[in-house]
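Next come the chains, spelled out residue by residue.
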Amino acid sequence: MVPAVNVTFAPAGFASASRAPAEHAPAGPGLTETPADQVLAGGQVLAQEAAAGIGIYLPLVLLIVLAAGFGVFSVLLGPLVGPSRYNKAKTAAYECGIEPSPQPVAGAGRMPVAYYVTAMLFILFDIEMVFLFPYAIAADALGLWGLGAVALFIATFFIADFYVWRRGGLDWN
Amino acid sequence: MNPFLAQQMQTVEAPGIDWGAILPMVIVFGAACVGVLIEAFVPKHQRWSGQVVLTLGSIAAAGIALGAYVSGRPEHGVVTMGTTLSIDTPALFLWGTLLALSVAAVLMIADRSVEPGGSFVAQAGIAPGTVQDRAQVQSTGMQTEVFPLALFALGGMMAFTAANDLLTMFIALEVLSLPLYLMCGLARRRRLLSQEAAVKYFLLGAFASAFFLYGLALLYGYAGSVKLADIATAAAGTDRSDTLLFAGLGLLMVGLLFKGSVGPFHTWTPDVYQGAPTPVTAFMAACTKVAAFGGILRVLTVAFEATSWEWRGVMWAVAIISMAIGAVLGLTQTDLKRMIAYSSIAHAGFLLIGTMALTDEGLSGTLFYLLAYGFTTLAAFGVISLVRDSTGEATHLSAWAGLAKRSPLLAGVFTFLLLALAGIPLTSGFVGKFVVFSAALSDGMAPLVVIALVFSAVAAFFYLRVVVLMYFSEPASDGPTVSVPGAFTTASIALGVIVTLLLGLLPTFALDWAGAGGFALGG
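Quick caveat: nothing in here was measured; it's all calculated off a predicted structure. (Residues numbered from 1 in each chain as written. Chains lettered and ligands numbered in written order. Predicted model: local features only at pLDDT ≥ 70, side-chain atom pairs only at ≥ 80, totals over all residues.)

Trainee: Outline the overall build of chain A, supporting the account with residue identities and numerical values.
Mentor: What chain A contains, in helices and strands, is seven helices and zero strands. Starting at the N terminus and walking to the C terminus, you meet the elements of chain A as α-α-α-α-α-α-α. When burial is assessed residue by residue, chain A has 3% of its 173 residues classed as buried. Within chain A, residue pairs in contact and separated by at least 24 positions form 35% of the contacts whose partners lie at least 6 positions apart. (Helix = DSSP H or I, 4+ residues; strand = E, 2+ residues; numbered from the N terminus. Buried ≥ 20, exposed ≤ 12 C-beta atoms within 10 Å, placed from the backbone. Contact = placed C-beta atoms within 7 Å.)

Below you can see the structure in the form of structure tokens.
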């Protein structure tokens, strides 16, 4: 049987409420048959093949190297292989595909504010996902209480959404 | 074994929640959410009345819930929501103070008769000085979002004073700060000053939050926990690095002292107090001060009592600097709102003396001082909002010359409030200073008390200067008029004056309650 590892995947507030692994492990002999533990056993083999300790981070390092290599390759490929024909549009400031707005002359110019609303909304949804992913991972363990908590979270989140929607934040013009 | 795959099935027990204890906070936050929905779905002309009823009703309901809980509360407080909130006697006292102060502040925010259409513009983002901006000043539209924002800030303050670990404290700090940053920028008159105040407060506030967070990280590195009780345990005798502990404490205190507008971290205070709409200034001056010092009290008492010998010298210096800046620079001010801002910096220094005492008397004295100071300063800002000329509030000192001849009642009320701020007997300010200074004396801080008394005398000079100006100067021919306040502002000022008087004459009741128990140390 694989010894239980003290991994806390709940927010800090739950930490004291979660059962200590030591008292949990002998209580559940049935746990060894669960799929999760079979995956665990596989993971153990993997870990033994790699060097002990820090070796488990090797895939992560490889991924970073791969990502950096892909970035450098893609950026260099264009200028090296592609044709370079300049026109006026290409030298203009790039504003996410939007026609560049005239700069304020002395602080009195107007800027299109719709873009900022979109950006703020993106951050709202982004943060919602940031909280929902950890919940999804731990949904079974958190049980009904966790479901209630996350439902409350989404409900309060939608209050802000309703406000934006009713005040015309979603209309582009 | 691979720790990435080691998450095995494990049931997490739900943290226990004492709903009765946190009900006041839940009501405030719930009402804030309903307030946002009102903004979304209720037609424009009904929003103001709906928001006023909802906001005042929810604060009253929270007060009733608090009263119901207090009568049957456990003696040593209760730690709930996991271990994140500690609802003990100081927290309950501060909750009561915050709720009572916010009733008065919301009444001022709701007033639409002193300034036609209310003190807030409908669209705060319009550039000042433009055609749209001038049209906006004339219209009577109002940003009714200010009500849910005030409720969110109030809820954050309540959570802040009850936070049992630094992370909860940080979240609560942001919840109380972000709405305030916004509310500062909504003033109907002097738009540019108002926007400047909002930006300044936001940038400096973000900076202070970063300090707080950095200190939190260092303390976590020291103690391995963000819980105040765990930090106290770790500091009580280990061979861990003192560098981490004191660097963490220092940075944490910078963040907290900033919110309490304690000098030398006060630089935002005069500008923000001056630029923000006066009802919001009143709300900030009273409630933010209460919340910030509630937090400082809890952090110092619960987590850092054992190391008080090491940090007390530094806090002495901070208190002296704060009193000196407040009293001396207050003398040079020509704008009343700025003058009260410097007075609040001086008061922050006095409050810090009580906070440092770390005794039962120090705790109850500081709590009482917060209650007394909150109501006095709130009513003072209420009075300031009534003296107006064609450009809005006439806050320049020269405009107040000879005001007693034109409006004896208003001058009398303002004189009383200034005397309370100066700490003259028969007002709450005197009792507050007395209990705080006597607590400091019995805790061996006699030199500091002498310095504080000197600065009280210096500060009294600039309060009395305004009194002399109002009573013994000839009024200017083109001077400001005194608006007849609407029911809301009248109620707000009356509440402040009555509490100031009552706490000065019969302080025992509030003092007894403030001294009814210490912080809950559970965790």
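Trainee: Can you lay out the overall build of chain B for me, pointing to particular residues and giving the numbers?
Mentor: Regarding its fold elements, chain B presents 20 helices and five strands. Its C-alpha radius of gyration of 23 Å places chain B within 12% of the 24 Å reference for a compact globule of 523 residues. With the C-alpha coordinates of chain B rotated into their principal frame, the extents come out at 80 × 60 × 45 Å. In chain B, buried positions account for 57% of the 523 residues. Across chain B, the fraction of contacts at a sequence separation of at least 24, relative to all contacts at a separation of at least 6, is 80%. (Rg over C-alpha atoms; globule rule 2.2 N^0.38 Å.)

Trainee: How would you sum up the confidence of the model for chain A? Please name residues and give values.
Mentor: Across chain A, the average pLDDT comes to 70, with 56% of residues at or above 70. Here residues 1–43 of chain A is modelled with pLDDT under 50, and outside its nearest four sequence neighbours on either side it reaches 59 contacts, counting other chains as well. (pLDDT = per-residue confidence, 0-100.)

Trainee: Let's hear about the environment of leucine 132 of chain A: which residues, and what values?
Mentor: Residue and element names in this part refer to chain A. You can see leucine 132 is positioned in helix H6 (residues 114–137). For leucine 132, a count of 15 C-beta atoms within 10 Å puts it in the partly exposed group. A C-alpha to C-alpha distance of 9.4 Å links leucine 132 and phenylalanine 153, two positions 21 residues apart in sequence.

Trainee: Quick rundown of the UniProt feature "domain: NADH:quinone oxidoreductase/Mrp antiporter transmembrane" (unreviewed entry) in chain B? Include the residues and the values.
Mentor: As annotated in UniProt, the feature "domain: NADH:quinone oxidoreductase/Mrp antiporter transmembrane" (unreviewed entry) corresponds to residues 163–455 of chain B in the numbering used here. End-to-end, the C-alpha atoms of residues 163–455 of chain B are 33 Å apart, and along that stretch the chain is 77% helix and 2% strand. (UniProt positions renumbered as here; feature names shortened; annotations may be inferred.)

Trainee: If you had to explain the sheet that holds strand E5 (residues 481–482) of chain B to someone new, which residues and values would you point to?
Mentor: On the basis of which strands lie adjacent, the open sheet formed by three strands has the order E4-E3-E5 (chain B) and antiparallel pairing. A strand with exactly one partner marks an edge of an open sheet, and here the two such strands are strand E4 (392–393) and E5 of chain B. (Pairing = 2+ DSSP bridges.)

Trainee: Any details on the environment of threonine 427 of chain B? Residues and values, ideally.
Mentor: Residue and element names in this part refer to chain B. Looking at the secondary structure, you find threonine 427 in the loop between helix H16 (408–422) and helix H17 (428–442). A residue is classified by how many C-beta atoms lie within 10 Å of it, and threonine 427, with 23 of them, is buried. Those residues in contact with threonine 427, other than ones at most four positions away along the chain, are Leu419, Ala420, Thr500 and Gly504.

Trainee: So what's going on with helix H18 (residues 446–472) of chain B? Residues and values would help.
Mentor: Residues and elements named next belong to chain B. With 27 residues, H18 should reach 39 Å at 1.5 Å per residue; the first-to-last C-alpha distance of 38 Å fits that figure. Inspection of H18 places Leu448, Ala452, Phe455, Ser456, Ala459, Phe462, Tyr463, Val466 and Met470 among the buried residues, and these make up the whole buried set. Along its buried surface, H18 packs onto helix H12 (308–331), helix H13 (336–357), helix H15 (403–406), H16 and H17. (Expected span 1.5 Å × (residues − 1).)

Trainee: Got a sec to walk through the packing of helix H11 (residues 278–303) of chain B against helix H14 (residues 360–384) of chain B? Specific residues and values, please.
Mentor: Packed helices, taken two at a time, are described by the angle their axes make and the gap between the axes. Residue and element names in this part refer to chain B. For the pair H11 and H14, the least separation of the axes is 8 Å and the interaxial angle reads 170°. Overall, the two elements H11 and H14 adopt an arrangement that is roughly antiparallel. Across the interface between the two elements, Thr278, Thr281, Ala282, Ala285, Ala286, Lys289, Val290, Phe293, Leu297 and Thr301 of H11 pack against Leu363, Thr366, Leu370, Gly374, Thr377, Leu378, Phe381, Gly382 and Ile384 of H14. Taken together, the residues that form the contact of H11 with H14 break down as 11 nonpolar, seven polar and one charged. (Axes fitted to C-alpha atoms, helices over the stretch in contact; angles between N-to-C directions. Parallel < 35°, antiparallel > 145°, perpendicular 65-115°, else oblique. Nonpolar A, V, L, I, M, F, W, Y, C, P; charged D, E, K, R; others polar.)

Trainee: With reference to specific residues and values, describe the confidence of the model for chain B.
Mentor: Residues of chain B with pLDDT of at least 70 account for 98%, and the chain-wide mean is 90. Across the whole predicted complex the pTM is 0.83, and at the interface the ipTM reaches 0.83.

Trainee: Which residues make up unusual backbone geometry, and what values go with them?
Mentor: All names here are of chain B. Between glycine 263 and the following residue, proline 264, the backbone shows a cis peptide bond with an omega angle of 0°. Its place among the elements puts proline 264 in the loop between helix H9 (242–259) and helix H10 (268–275). With a phi close to 45°, serine 261 is a non-glycine residue in the positive phi region. Residue position: serine 261 is located in the loop between H9 and H10. Despite not being glycine, leucine 358 has its phi angle at roughly 55°, a positive value. By the secondary structure assignment, leucine 358 is in the loop between H13 and H14.

Trainee: Let's hear about the packing of H9 of chain B against H11 of chain B: which residues, and what values?
Mentor: Residue and element names in this part refer to chain B. In contact at an axis separation of 8 Å, H9 and H11 are set at 155° when each is read in the N-to-C sense. As far as their axial angle goes, H11 and H9 are roughly antiparallel. The two elements H9 and H11 meet at a crossing, and its hand is left-handed. Along the contact surface, H9 presents Leu252, Leu256 and Lys259, while H11 presents Thr288, Ala292, Gly295, Ile296 and Val299. Of the residues contributing to the contact of H9 with H11, the split by class is five nonpolar, two polar and one charged. (Left-handed = near helix turned anticlockwise from the far one by under 90°.)

Trainee: Hey, could you go over the nonpolar core for me, with residue numbers and the actual values?
Mentor: Nonpolar side chains tend toward joint burial in soluble globular proteins. Residues and elements named next belong to chain B. Core analysis: the biggest nonpolar cluster contains 191 residues, and Leu98, Ala105, Cys287 and Leu417 have the highest contact counts within it. The dominant element in this core, judged by the number of residues it contributes, is H11, at 17 residues. Residues within four places of leucine 417 in sequence aside, it is in contact with Thr376, Ala379, Ala380, Val383, Val497 and Thr500. (Core = buried A, V, L, I, M, F, W, Y, C linked by C-beta atoms within 7 Å.)

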